[in-house]
Amino acid sequence: MFRGAAVSRVEELESQIKVLSSQELRELRTWLAEYDGELWDRQFEADVAAGRLDAVADHALKDLLSHRSTEL
């Protein structure tokens, strides 16, 4: 039941997006990229604060100290 409601909202948005002008579509792309970036940043910060990335950082540091990495 919930899935059906979510799909109809997405379908409604899709139909509205299809009739946007080129300028409106550019504005939507810009807004969506910024919004998505903000969400990603918040999730990343929450993961760091919760220690969910500690193992990844430890592994990277071990590789660096063991000379198993390359400079970018």
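Starting from 1, residues in each chain are numbered consecutively following that chain's sequence as written. The predicted origin of the model limits local features to residues at a pLDDT of at least 70 and limits the giving and counting of side-chain atom pairs to 80 or more, whereas totals for whole chains, interfaces and linings rest on all residues. The basis for every side-chain value is the complete set of non-hydrogen atoms in the structure, without hydrogens or water.

J.: So what's going on with the confidence of the model for the protein chain? Residues and values would help.
T.: A residue-level look at the protein chain finds 92% of positions with pLDDT of 70 or above and a mean pLDDT of 92. By definition, pLDDT measures how confident the predictor is in each residue, and it falls between 0 and 100. Secondary structure is summarised from DSSP: a helix means a run of H or I of at least four residues, a strand means a run of E of at least two, and numbering begins at the N terminus for each. Mean pLDDT across the elements of the protein chain ranges from a minimum in helix α1 (residues 2–18), with 83, to a maximum in helix α2 (residues 22–49), with 98.

J.: Which residues make up the side chain of Asp63, and what values go with them?
T.: Mapped onto the secondary structure, Asp63 falls in helix α3 (residues 54–65). A residue is classified by how much of its surface remains accessible, and Asp63, at 18% relative accessible area, is buried. In contact with Asp63, not counting residues within four places along its chain, are Arg68 and Ser69. Each residue is placed in one exposure class: buried if its accessible area under a 1.4 Å probe, protein chains only, is under 20% of its type's maximum, exposed if it is over 50%, and partly exposed if it falls in between. Contact definition: two residues touch when any of their heavy atoms are within 4.5 Å.

J.: Please set out the packing of aromatic side chains residue by residue, giving values where relevant.
T.: Pairing of aromatic rings covers Phe, Tyr and Trp, the last through its six-membered ring, and needs centres within 6.5 Å; plane angles under 30 degrees mean stacked, over 60 mean edge-to-face, and all others mean tilted. Scanning all chains against the criterion turns up two aromatic pairs. Centre to centre, the rings of Trp40 and Phe44 are 5.3 Å apart; their planes meet at 10 degrees, and the pair counts as stacked. Here the residue Trp40 and the residue Phe44 both occupy positions in helix α2, the gap between them amounting to four residues, near one helical turn. Given a relative accessible area of 55%, Trp40 falls into the exposed group. The exposure class assigned to Phe44 is partly exposed, which follows from its relative accessible area of 40%.

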